[in-house]
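# Commentary on secondary and tertiary structure
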Amino acid sequence: MTSNCLTQGRSTRARHQFFRRSALAIALASAGLSAGQVMAQDNQEQGAGALEEILVTGAIRDTLRNSVEIKRDATTIVDALSASEMGALPDLSVAETLERITGVTGDRFKGNSSEISVRGLGPFLGASTYNGREVSSGSGNRSVAFSQFPSELVNGAVVYKAQQASLLEGGVAGVIDLRSLRPIDFGKRRIQGEVKANYNEYDAKLNGDDGIGYRGSLSFTDVFDTEIGTIGVALGYAGHESSTPEESYNTSSTLRNCNSDYVADQGGSGGWNPCSWSDDNAAAGDGAAADGPYYFVPNLQYFRQMESEEERNAFMGTVQWQPNDDWDITLDVQESDRFYYEDRHDLYIDDGRNNITNWETNDAHALTSYTGYSRFSTYGEYRERDEQYSGGGLNIEWNATDRLLLRTDLSVSDTTRYQETWQTRFRSDRYFFDWEANGDDWPLINRVYSDLDDPANTQVERSSFDDYSFYDGGSSDGRRARYREFLIEDTINAFRFEGEYSFDQGFITSIDAGVRVSEHDHNNYNEDTWAVQQEENTYADVEDVGANCGTDFPQSGYGEDTSVTYDTWATYDTLCAFDRMVGNEDWSLTPEAPSSGDVVLSEDVTSAFVMANFESEWGGVPVTGNFGVRVVETDVTSEGYRQSFIVETTGAGTDEDPLSFLITEDTDTLTQETYTNSYTNVLPSVNVNFLLREDLELRTALYKAVSRPDMWWLGAGRDLNLGGGEEEYASIEEAVEEGSVTAFGNPNMESIESENFDISLGWYPSEDTAISAALYHKRFNAGLDTADDVYETFVINGQPAEMEVNGIIENTGEESTINGIELTVQHGFSSLPEPFDGLGFSAGVNFADTDFEYPENGSEITDDIDIAPANLPGFSDESYNVEGYWEKYGASARLSYKYRSEYLKPFGSDFGQTNRYVQGHDSLDLSLAYNLNANLQIKLQALNLANDAYVEYRVAEDAFNRIEYSGRKFFLGLRFRM
């Protein structure tokens with residue numbers, strides 16, 4: 001089966017599956033509505049006031065009831081989770097809380113949920129705010145690190161799935177708004193603390209570790225009546241120290257298509273022969289290479305054993321002051337410090353593309369078995385990361401008159417991330433090895449040997465991999481030490497002023513209008529590297545390191561949850577090895593020094609809106625809603641750097657002695673260029689809500705929305721290659737013609753704009769029952785692609801030269817759509833006899849389909865291979881969440897299941913890498929709690945009970961590039977409340 005067939009097959013199947021799933025969801029909705037009618041009849045028999053008489057019996061049911069109230073009271077289509085008190089959310093992280101909202105999914109990388117997506121769309125199409133404000137990021141994208149907001153200190157979250165003019169722009173998929181507690185609104189004193197011990201079974205495997213960590217939190221809330229008015233205070237602290245070790249199989253980020261066979265094409269005569277692509281290779285037969293069998297192969301692969309630890313301390317505080325009924329002034333601050341380290345030990349198969357023979361593939365051209373020829377390496381890496389977040393704002397509301405309400409908000413959000421990395425490596429001689437795929441378990445290395453013609457008698461013993469001398473191959477690049485630093489600084493300052501004028505009568509009930517100004521400064525400095533190779537290294541070799549820094553293999557039971565060929569190999573203390581290899585060399589770096597890979601930009605946004613709220617009755621049906629427009633102007637200034645060059649000439653310029661030019665890079669001089677871009681988006685919106693019955697609501701929304709490109713896409717750096725100073729040219733024009741330029745971003749990229757229509761039907765027959773179904777449609781008149789024939793002017797030897805720039809990502813006018821359906825059901829069985837009246841459940845499904853195409857841009861894949869394009873980054877066409885709970889007699893139990901289907905996960909800003917997919921994955925979590933008395937509660941929680949692997953592949957299905965296991969995690973805690 002060719003890739004072209006795969007493209008057509010996937011497209012056809014996707015549409016059939018979408019309509020099948022849509023029909024299934026509608027059927028489920030109908031069944032749910034029928035069941036709900038029976039529940040409603042039971043409630044009516046108990047009397048009209050029955051809804052108000054039901055008492056809250058536990059935190060889970062209380063949270064679900066609050067969430068339904070928020071959903072019903074909202075002026076647009078939302079979903080929410082809201083606890084009545086700080087620290088009452090029953091999850092260990094905000095990301096896990098969000099995943100319990102229908103259509104909200106996370107990327108479960110390294111065993112933790114992150115990179116939240118809404119309705120299956122990737123994080124770059126969404127937006128996240130805290131108390132309605134933008135949040136800075138410690139990465140190059142706009143995804144919020146939800147771990148910096150501890151669940152113990154967050155009161156809830158609202159997901160806006162449709163837009164209105166007053167909402168902050170930036171989320172085509174939706175806007176996630178985290179909420180903190182407002183103490184006066186809470187209205188009472190509360191002192192609460194919690195201590196949890198956590199046990200990680202993978203951490204317990206590590207030598208000298210017991211798998212134990214901790215979490216702790218303390219919060220205080222109170223309200224004071226004073227001579228200057230009512231003052232409310234909410235203070236909270238949360239900290240933890242925990243481990244997130246992992247065991248994984250990985251490959252390099254590049255992938256190449258090859259059709260050569262070392263034996264068939266080169267005769268197996270020895271030497272080193274990288275795989276190749278040619279019509280002349282034996283595999284191509286008599287036709288073109290693309291028509292014959294071929295395989296995709298990475299540059300290298302490795303097995304990783306990793307220890308990691310994280311320490312985090314977070315503080316949040318809110319002071320709310322109401323001097324009288326006309327003023328409400330709130331100041332809130334957030335601080336978070338996070339320290340994280342990783343200690344990696346890898347067994348590398350370095351030369352993954354050399355002397356490949358005896359290869360077999362599946363129909364997608366992923367290798368299922370082959371014989372290769374490689375060096376094996378023991379590789380150590382130690383990484384430390386410090387990340388600090390500070391945020392806060394001042395919000396003032398003033399009832400200037402009985403009809404006019406004025407609001408103003410000042411805010412700041414700042415994140416700094418600094419990372420250091422130490423790397424060491426030692427390599428063996430080259431050996432042949434037999435490789436075999438093993439489903440979605442780790443592949444097997446069945447045999448390692450030195451003679452392809454006599455594998456049985458030249459086999460390398462398994463024990464050799466535990467011997468340090470095995471990795472003393474003597475090649476010129478066999479041992480290496482590297483040190484790296486990078487730094488990211490991200491700051492957002494914003495000011496907002498709004499007014500709302502109310503009318504006593506008429507169709508229009510109020511007019512909202514406002515302006516917002518923000519300044520976003522993002523400095524993402526290219527990683528600075530210092531390295532020493534073997535030929536430069538007069539310090540320790542591998543046997544010296546083994547004698548002075550060698551360690552037992554760092555853990556027991558490596559790979560026991562999957563297949564594994566080598567469960568131990570020679571390892572060492574990386575920092576010790578680095579010191580012995582480097583000695584007293586000066587390797588201090590300055591990542592903030594100018595570099596062509598830097599992303600240094602400012603994004604100034606000015607927005608204004610006007611929105612009319614209305615209330616009427618159409619045909620006896622109460623109707624509410626709003627209509628308005630938001631106008632957004634975005635100004636981008638991006639500073640980029642490019643190399644300068646020194647040109648040396650030789651020769652007299654005569655026929656006998658012609659001139660020649662040697663061009664070398666001037667490493668001490670960079671040329672700075674500044675790019676500016678400005679664009680405007682006009683975003684109209686209409687929201688109309690119909691109260692069909694007291695318990696039945698129909699909501700509709702028609703609007704435009706935008707999502708801004710990630711910051712790392714807006715870089716202006718350019719990397720010039722003019723021969724590296726090793727080749728002489730007859731002229732500078734010849735050097736320019738043969739040279740190349742690679743772009744590190746495109747400041748001229750603009751927001752992706754979509755036209756959207758949403759409709760949602762919600763039925764609320766009782767306080768504990770809610771059933772809703774939603775359909776949504778999004779249409780884009782923009783896409784993303786790699787630009788061709790882009791030329792820019794560069795100065796070489798004082799003269800301007802036009803050169804083609806490769807790797808520029810641009811907006812296109814390609815039209816695409818997304819269609820989706822959502823279904824949410826929750827019910828508490830409060831009418832059942834005891835103890836079954838404590839039972840309840842909530843469930844949600846989201847099905848979506850898109851014809852958006854994200855092209856395959858792997859720089860090493862030849863153009864004559866037809867690779868199916870991917871969907872939107874982060875797009876899953878299916879997601880499910882199901883939760884069953886029981887609360888009674890002071891006890892509670894909750895079992896949660898979450899699933900999302902396959903999705904694309906690009907490599908940050910690098911569009912030159914092959915498309916990377918994450919296989920569909922699920923998780924199963926359990927939470928138990930018991931109230932010892934009115935003040936004390938004991939909790940037991942378990943995450944990732946099934947210990948399913950996190951699996952990625954590239955380009956071809958089953959061409960796995962990452963298979964990761966991180967183990968189960970257990971938490972035992974005690975909470976007190978006064």
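Everything below is about the structure shown above.
Worth saying up front: this structure is predicted, and the values here are computed from it rather than measured. As a convention, each chain's residues are numbered from 1 in the sequence order in which they are written. In keeping with the model being predicted, local features are shown solely for residues with a pLDDT of at least 70 and side-chain atom pairs are shown and tallied solely at 80 or more, while totals for entire chains, interfaces and linings include all residues. To obtain the side-chain values, all non-hydrogen atoms of the structure were included, while hydrogens and water were left out.

## Let's talk about the overall build of the chain
A run of DSSP states H or I qualifies as a helix once it reaches four residues; a run of E qualifies as a strand once it reaches two. Both are numbered from the N-terminal end. Secondary structure assignment for the chain yields nine helices and 47 strands. We compute the radius of gyration over the C-alpha atoms and compare it with the globule rule, which gives 2.2 Å times the number of residues raised to the power 0.38. The C-alpha atoms of the chain give 31 Å as radius of gyration, which agrees with the globular expectation for 978 residues (30 Å, within 12%). With the C-alpha coordinates of the chain rotated into their principal frame, the extents come out at 100 × 65 × 60 Å. Only protein chains enter the calculation, and the probe is 1.4 Å; a residue is then buried if its accessible area is under 20% of its type maximum, exposed if over 50%, and partly exposed in between. For the chain, buried positions account for 55% of its 978 residues. Partitioning the intrachain contacts of the chain with sequence separation of at least 6 by distance along the chain shows that 76% fall at a separation of at least 24. What sets the accessible areas is the Shrake-Rupley method with a 1.4 Å probe; for residues, cover comes only from the shown protein chains. With the model as given, the accessible surface of the chain reaches about 39300 Å², and the carbon-plus-sulfur share is 50%. Charge counting follows a simple rule: Lys and Arg are positive, Asp and Glu are negative, and His as well as the terminal groups are ignored. By convention, the charge on Lys lies at NZ, on Arg at CZ, on Asp at CG and on Glu at CD. Averaging the coordinates of the 70 positive side-chain charges in the chain and doing the same for the 167 negative ones gives two points 8 Å apart. Only heavy atoms matter for contacts: two residues are in contact if any of them lie within 4.5 Å across the pair.

## Description of a nonpolar patch on the surface
Candidate patch residues must exceed 30% relative accessible area and have no salt bridge, after which like charges are joined if within 9 Å and Val, Leu, Ile, Met, Phe, Trp or Tyr side chains if within 5 Å. Salt bridge, as used here, is a side-chain nitrogen of Lys or Arg placed within 4 Å of a carboxyl oxygen of Asp or Glu. On the surface, Leu235, Tyr237, Phe315, Val319, Leu331, Val333, Leu394, Leu410, Phe495, Phe497 and Val515 cluster together into a nonpolar patch covering about 860 Å² of accessible area. Looking at the nonpolar patch, the elements that each hand over two or more residues are β10 (229–243), β14 (301–322), β15 (327–349) and β20 (479–502). A relative accessible area of 37% places Phe497 in the partly exposed class.

## Some points on the pairing of strand β8 (residues 190–200)
Here β8 runs beside strand β9 (residues 212–226); their pairing, made up of 10 bridges, is antiparallel. Directly across from Ile191, in β9, lies its bridge partner Phe220. Any two strands with at least two DSSP-identified bridges between them are counted as paired.

## What to know about helix α8 (residues 574–582)
Taken together, the buried positions of α8 are occupied by Thr574, Ala577, Phe578, Met581 and Val582. Angularly, the buried residues of α8 cover 115° about the axis, an arc narrow enough to put them on a single face. Two or three places before Leu575, at the opening of α8, Asp573 has a side-chain oxygen 3.1 Å from that residue's backbone nitrogen. A positive phi of about 65° marks Gly583, the residue just after α8. By definition, the arc is the one covered by directions from the helix axis to the C-beta atoms. Definition of a polar contact: a pair of N or O atoms within 3.5 Å, with one able to donate and the other able to accept a hydrogen when the atoms are protein atoms, and with sequence-neighbouring residues admitted only if both atoms are side-chain atoms.

## Digging into the pattern of salt bridges
Here the structure, examined in full by the defined rule, presents 56 salt bridges. Put simply, Arg179 and Asp177 hold a salt bridge, and the shortest N to O gap is 2.7 Å. Since its relative accessible area comes to 6%, Asp177 is described here as buried. Between Glu952 and Arg916 there is a salt bridge, with the nearest N and O atoms lying 3.7 Å from each other.

## Points about the side chain of Glu247
By the element assignment, Glu247 lies in strand β11 (residues 246–251). Beyond its immediate sequence surroundings of up to four residues, Glu247 is in contact with Tyr202, Lys205, Arg304, Trp442, Gln555, Gly557, Tyr558, Gly559, Glu560, Ile963, Glu964 and Tyr965.

## What about the packing of aromatic side chains?
Side-chain rings of Phe, Tyr and Trp (the six-membered ring for Trp) are treated as a pair once their centres are within 6.5 Å; stacked means planes under 30 degrees apart, edge-to-face means over 60, and tilted covers the remaining angles. Following the criterion strictly, the structure yields 37 aromatic pairs and no others. With a centroid separation of 5.3 Å and 50° between ring planes, the pair formed by Tyr249 and Phe303 is classed as tilted. Linking Tyr249 in strand β11 with Phe303 in strand β14, this pair joins segments that are 54 residues apart in sequence. A relative accessible area of 3% places Tyr249 in the buried class. Residue classification places Phe303 among the buried positions, given a relative accessible area of 4%. Ring geometry for Tyr294 against Phe296: centres 5.8 Å apart, planes inclined by 90°, an arrangement best described as edge-to-face. Of the residues examined, Tyr294 reaches a relative accessible area of 3% and is grouped as buried. Taken together through their ring pairs, the aromatic side chains of Tyr370, Phe376, Tyr431, Phe433, Trp435, Phe465, Phe470, Tyr471 and Tyr566 make up a single cluster. The aromatic ring of Tyr202 is capped on one face by Lys205, whose charged end is 4.2 Å from the ring centroid. Each ring is checked for a lysine NZ or an arginine CZ that lies within 6 Å of its centre and within 35 degrees of its normal; such an atom marks a charge sitting over the ring. The ring of Tyr340 has Arg338 lying over it, and the distance from NZ or CZ to the ring centre is 5.0 Å.

## Observations concerning helix α3 (residues 59–73)
Taking 1.5 Å per residue, 15 residues should reach 21 Å; α3 reaches 21 Å between its end C-alpha atoms and fits that length. Looking only at α3, the buried set comprises Ile60, Arg61, Asp62, Thr63, Leu64, Arg65, Asn66, Ser67, Val68 and Lys71. In a helix, the anticipated span is given by 1.5 Å times the number of residues less one.

## Structural notes on unusual backbone geometry
That bond from Glu834 to Pro835 is cis: its omega, 0°, falls within 30 degrees of zero. Phi is positive for Val955, close to 60°, though the residue is something other than glycine. Mapped onto the elements, Val955 comes out in the loop between β45 (950–954) and β46 (960–965). Positive phi values are uncommon outside glycine, yet Asp958 reaches one of about 80°. Residue placement: Asp958 occurs in the loop between β45 and β46.

## Here's the deal with the environment of Leu331
Position of Leu331 among the secondary structure elements: in strand β15. As for Leu331 and Thr357, which are separated by 26 residues in sequence, their C-alpha atoms are 67 Å apart. Leu331 has contacts with Gly317, Thr318, Val319, Gly393 and Leu394, leaving out every residue within four places of it along the chain.

## Re the sheet that holds strand β7 (residues 174–179)
Pairing is mixed across the open sheet formed by five strands, whose spatial order is β1-β6-β7-β4-β5. At either end of the open sheet lies a strand with only one pairing partner, and these are β1 (78–82) and β5 (133–134). Here an axis means a line fitted to C-alpha atoms, over the contact stretch when the element is a helix, while the angle between two N-to-C directions is reported on a 0 to 180 degree scale. Against the sheet, α3 makes contact with β1 and β6 (156–160), and its axis sits at roughly 145° relative to β1, the strand it touches most.

## Section: the state of the cysteines
Disulfides are defined in this document as cysteine sulfur pairs within 2.5 Å. The full count for this structure, using the stated rule, is two disulfides. Disulfide partner of Cys549: Cys576, at an S-S distance of 2.0 Å. Taking the torsion about the S-S bond as the criterion, the Cys549 to Cys576 disulfide, at about -65°, is left-handed. Within this pair, whereas Cys549 is found in helix α7 (residues 542–549), its partner Cys576 is found in helix α8, the two being separated by 27 residues in sequence. Given the relative accessible area of 23%, Cys576 is considered partly exposed.

## A closer look at the pairing of strand β32 (residues 769–780)
The side chains of a regular strand alternate between the sheet's two faces. Sheet topology note: the strand β31 (residues 752–766)/β32 ladder contains 11 bridges and is antiparallel. From the neighbouring strand, Asp758 faces β32, where its bridge partner is Tyr776. In this structure, the hairpin formed by β31 and β32 is closed by a connection of two residues. Bridge count for β32 against strand β37 (residues 816–828) is 12 bridges, and the pairing is antiparallel. Counted as the bridge partner of Lys778 is Ile818 from β37.

## Re the nonpolar core
For the purposes of this section, nonpolar cores are sets of buried Ala, Val, Leu, Ile, Met, Phe, Trp, Tyr and Cys residues that join through side-chain atoms within 4.5 Å. Ranked by internal contacts, the top residues of the largest apolar core, which has 58 residues, are Val448, Phe465 and Tyr471. Take this core: its biggest share by element is five residues, from strand β18 (residues 404–436). Apart from residues lying up to four places away in sequence, Val448 is in contact with Phe376, Tyr431, Phe432, Phe433, Thr458, Gln459, Val460, Phe465 and Tyr566.

## Some thoughts on the sheet that holds strand β30 (residues 740–744)
If you walk across this open sheet you meet the four strands as β28-β30-β35-β34, and the pairing is mixed. Each edge of the sheet is formed by a strand with only one pairing partner; in this case those strands are β28 (717–721) and β34 (791–796). Each strand of the sheet is rotated relative to its neighbour by a mean of 40°, with strand direction disregarded. Both β30 and strand β35 (residues 799–806) contribute to a ladder of two bridges, which runs parallel. From the neighbouring strand, Thr742 faces β35, where its bridge partner is Asn806.

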